[in-house]
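Given next are the chains, with one letter for each unit.
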Amino acid sequence: MNWTLEVVPVPVTDMDRSKEFYADRVGFKVDLDDEVAPGLRIIQLTPPGSRCSIAMLQGMPAAPGTKVMAPGTLQGLQLCVTDIEAARGELLGRGVEVSPIRHVGETGWADGKGGTWNSFLTFEDPDGNGWVVQEAPSELSER
């Protein structure tokens, strides 16, 4: 049996502001923006080329046995791209504050690109949820 990761909840304070950030600035596709029950709104967005989406939820009770994350506490979600310089340029052009490109060197993080699988940049959404973008050597379908 396959276990596929398909939706990751992202805790936010302002649904409309976050939708604008992820759709218009980061470039995710809006799959759903609906009040699925009275007081329960779901916005689901998918990064280009991804099979996994993010979901922002308003009015949704925590599933039994789980905890609610506060906005800004989700850290380290990782996106992969095949051209980190182009990805950085696209994000900057859309008004996203992004870090310089960095890699892991002998003494920790260092500026500039590294070798295969060792080039990264980071950004945050308006609530402070943190994302990592990593350069991959090829598209997922080719690996």
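Read on for an overview of the structure. (Residues numbered from 1 in each chain as written. Predicted model: local features only at pLDDT ≥ 70, side-chain atom pairs only at ≥ 80, totals over all residues. Heavy atoms only, no water.)

## Remarks on the sheet that holds strand β4 (residues 53–58)
- In space, the 4 strands of this open sheet follow the order β1-β4-β3-β2, with mixed pairing throughout. Unpaired on one side and paired on the other, β1 (7–9) and β2 (29–37) mark the two borders of the sheet. The average angle at which neighbouring strand axes cross in this sheet is 25°, direction not considered.
- The pairing of β2 with strand β3 (residues 40–46) spans 7 bridges and is classified as antiparallel. From the neighbouring strand, D34 faces β3, where its bridge partner is I42. (Pairing = 2+ DSSP bridges. Helix = DSSP H or I, 4+ residues; strand = E, 2+ residues; numbered from the N terminus. Axes fitted to C-alpha atoms, helices over the stretch in contact; angles between N-to-C directions.)

## Section: unusual backbone geometry
- Notably, W117 is not glycine yet its phi reads approximately 65°, a positive angle.
- Take W117: it is sitting in the loop between β7 (108–111) and β8 (120–124).
- Accessibility expressed as a relative area gives 34% for W117, which makes it partly exposed. (Buried < 20%, exposed > 50% of the residue type's maximum accessible area, 1.4 Å probe, protein only.)

## Some thoughts on the side chain of S138
- Relative to the helices and strands, S138 resides in the segment after β9 (130–135).
- Exposure remark for S138: the relative accessible area of 16% places this residue in the buried category.
- Not counting the four nearest positions on each side in its chain, S138 is found in contact with T82 and R143. (Contact = heavy atoms within 4.5 Å.)

## Considerations on the pairing of β3
- Extensive coverage of β3 is indicated by the burial of 6 of its 7 residues.
- Counting the residues between successive antiparallel strands, the hairpin from β2 to β3 contains 2 residues, one of them, G39, with a positive phi of roughly 80°.
- Sheet topology note: the β3/β4 ladder contains 5 bridges and is antiparallel. Residue pairing for β4: Q44 is matched across the bridge by A55.
- Between β3 and β4, which pair antiparallel and follow one another directly, the connecting turn spans 6 residues, one of which, G49, has a positive phi of 80°.

## As for helix α2 (residues 84–93)
- Among all positions in α2, only I84, A87 and L91 are buried. The buried residues of α2 occupy one face: seen down the axis, they fall within an arc of 60°.
- At its buried positions, α2 is contacted by α1 (15–26), β5 (75–81), β8 and β9.
- Capping of α2 at its N-terminal end is provided by D83; its side-chain oxygen lies 3.2 Å from the backbone amide nitrogen of E85.
- Just downstream of α2, G95 is the residue with a positive phi angle, here 90°. (Arc of directions from axis to C-beta. Polar contact = N/O pair within 3.5 Å; in protein donor to acceptor, adjacent residues only side chain to side chain.)

## With respect to the state of the cysteines
- A complete count under the given rule lists 0 disulfides for this structure.
- Between C80, a free cysteine, and C52, which holds the nearest cysteine sulfur, the sulfur-to-sulfur gap is 12 Å.
- The exposure class assigned to C80 is partly exposed, which follows from its relative accessible area of 41%. (Disulfide = S-S within 2.5 Å.)

## Let's talk about the layout of surface pockets
- Roughly 1000 Å³ of volume is contained in the largest pocket.
- As for the largest pocket, its lining consists of 33 residues, and the residues nearest its centre are P47, P48, S50, L79 and C80.
- At the level of elements, β4, β5, α2 and β9 are the ones that each hand at least two residues to the lining of the largest pocket.
- Per-element accounting of the lining of the largest pocket gives the leading share, 5 residues, to β5.
- For the lining of the largest pocket, the class distribution of residues is 20 nonpolar, 7 polar and 6 charged. (1 Å grid on protein atoms, 1.4 Å probe; cavity = no way out; pocket = protein on both sides within 12 Å on 5 of 7 lines; lining within 4 Å. Points joined across faces, edges and corners; volume = space filled by probe spheres on them. Nonpolar A, V, L, I, M, F, W, Y, C, P; charged D, E, K, R; others polar.)

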